[in-house]
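Now for the letters of each chain:
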Amino acid sequence: MKITNVEAIPLAVPFRRPFAFASGQATAADHVLVRITTDDGLVGYGEAPPRPYTYGETAASIVAVVRDLFAPVLVGADPFARERLRADLARTVANNAAKGAVDVALWDLVGQACGQPVHVLLGHAADDVAVAHMIGLGTPSEMVADAVEMNDRYGVEAFKVKVGRDLAHDLAAVRELRRELGDSVELYADANRGWDADTAIVAARRLADFHVTSLEEPNPADDVLGRRRIVRESPIPIVGDESTITLGGVARSLLDGDSQATSVKVARTGFTESAKIVGLCEGLGVATMVGNQIDGMLGTVASTALACGLRSLARHPVEVTNFLLMTDDVLTEPPTIVDGRAAARQGPGLGVTIDPDKLAHYRTDR
Ligand code: MUC
Ligand code: MG
């Protein structure tokens, strides 16, 4: 099997409401759909969400790098040669979301060629996983209303709370969430680098009082000694996310004492590098969890497949609810969450079908 065509198609699907966090805000799914076609007629898909505040990429940069640098390497290659292609793509530095989407599309093709779903190829740890919902910044009552709706309507019992602005405001939101949701739900927090080290240490102690289980990216990890001081003094584990975006970056962060657990995102490390990160962390006795890059529906299907594929990821609730922000998408079948769980697709590859009319409607390049 040989790749014959690689396309990067920019899309724009409006959100129902903006999603805010300490380092930025997203108002629409301005994502890039990567479509890879083979000589035997298979078509694989991946989704790249541009996150300039995290990786420096934009929709235009993703389209350009896929078209100008990645497509010439991929066309003519065998999609099964994922390791070789990963090395070829790695000659271009950064461009994490673009590389992640290409890798996801390759696994989609491999799964289709083998007649197996991706989570089965990865290791089939589970058929479904518990879901975590990420609560964007808002007033405490907006944040509580969001969580209560997710709990009532979808049975979700784990929540990642965005924090990292004014500490008093953050703590008020967490206090309200704990009071309204009760002691049985899991709350964990993500500051997206919004605090300095001193604030983060106070925050970590106060969050622990509300039984918050971990704290993601409290400060910029480049504030090296500040970050290590947080790790030493925090009563709850510090999770690496945007400071741990590659296999080597995860290793360095853990060994340097900059983080104690790792958020793994298909949107930046695809399936291939994500699995290596999970293996590294398993060997070091470090917890991993599937994070969400404010994924669209395709990215959500991929994240669920990753979590269902690998045992240590299937243990922690998986962040796969952000697609609910979207007013629509190009998949014929949106993901579902039932009784707080998300199931892996059973069809070969990612098990998705793209609706051609919706694709024509939402693409922004024609
Ligand atoms: C997260 O976990 O940080 C927010 C910004 C981004 O790039 O990812 C999200 C979620
Ligand atoms: Mg994060």
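Since the model is a prediction, treat every value here as computed from it, not as a measurement. (Residues numbered from 1 in each chain as written. Chains lettered and ligands numbered in written order. Predicted model: local features only at pLDDT ≥ 70, side-chain atom pairs only at ≥ 80, totals over all residues. Heavy atoms only, no water.)

Participant: Which parts of the structure should I look at to understand the site of ligand 1?
Facilitator: The local shell around ligand 1 holds 15 residues, among which Thr54, Lys160, Asp190, Asn192 and Gln293 are the closest. One of the side-chain N or O atoms of Asn192 is found 2.9 Å from an oxygen atom in ligand 1. Between Lys265 and ligand 1, the recorded distance is 3.2 Å, taken from a side-chain N or O atom to an oxygen atom. For ligand 1, whose free accessible area comes to 280 Å², the fraction covered by protein is 99%. Of all elements in the fold, only α1 (52–55) and β7 (158–162) reach the threshold of two or more residues within the shell around ligand 1. Taken together, the residues of the shell around ligand 1 sort by class into four nonpolar, four polar and seven charged. There are two domains that each give the shell around ligand 1 at least three residues, and those are domain 1 (3–115) and domain 2 (120–343). (Near = heavy atom within 4 Å. Polar contact = N/O pair within 3.5 Å; in protein donor to acceptor, adjacent residues only side chain to side chain. Areas by Shrake-Rupley, 256 points an atom, 1.4 Å probe, with all protein chains shown as cover. Helix = DSSP H or I, 4+ residues; strand = E, 2+ residues; numbered from the N terminus. Nonpolar A, V, L, I, M, F, W, Y, C, P; charged D, E, K, R; others polar. Domains from an automatic or database assignment.)

Participant: How should I be thinking about the coordination of the magnesium ion (ligand 2) in this particular structure?
Facilitator: Coordination angles at a metal have ideal targets, namely 109.5 degrees for four tetrahedral donors and 90 or 180 degrees for six octahedral donors. Those protein atoms acting as donors to the magnesium ion (ligand 2) are Asp190 (OD), Glu216 (OE) and Asp241 (OD), and they sit at 2.1 Å. Expressed as a motif, the donor residue spacing for the magnesium ion (ligand 2) is D-x25-E-x24-D. With Glu216 in strand β9 (residues 212–216) and Asp241 in the loop between β10 (238–240) and α10 (247–256), this residue pair connects regions lying 25 residues apart in the sequence. (Donors = N, O, S within 2.8 Å, 3.2 Å for Na, K, Ca; no water.)

Participant: Sorry if this is basic, but what is going on with the side chain of Ser259 here?
Facilitator: Residue position: Ser259 is located in the loop between α10 and β11 (261–264). Judged by relative accessible area, Ser259 falls into the buried class, the value being 4%. Of the polar contacts made by the side chain of Ser259, one reaches the side chain of Ser253; its length is 2.6 Å. Sequence-distant contacts of Ser259, that is, excluding residues within four places in its chain, are made with Val231, Ile238, Val239, Gly240, Thr244, Ser253 and Leu254. (Buried < 20%, exposed > 50% of the residue type's maximum accessible area, 1.4 Å probe, protein only. Contact = heavy atoms within 4.5 Å.)

Participant: Honestly, the packing of aromatic side chains in this entry has me stumped. Any pointers?
Facilitator: When we look at a pair of aromatic rings, we describe it by the centre distance and by the angle of the planes. Tallying each qualifying case throughout the model produces three aromatic pairs. Taking 5.1 Å as the distance between ring centres and 65 degrees as the angle between the ring planes, the aromatic pair formed by Phe21 and Tyr53 counts as edge-to-face. Of this pair, Phe21 sits in strand β2 (residues 13–21) while Tyr53 sits in helix α1; the two residues are 32 residues apart in sequence, bridging distant segments of the chain. Given the relative accessible area of 7%, Phe21 is considered buried. Grouping aromatic residues by their ring pairs yields a cluster made of Phe19, Phe21 and Tyr53. The side chain of Arg82 reaches across the aromatic face of Trp107, ending 4.2 Å from its centre. (Phe/Tyr/Trp six-rings, centres within 6.5 Å; stacked < 30°, edge-to-face > 60°. Lys NZ or Arg CZ within 6 Å of the ring centre and 35° of its normal.)

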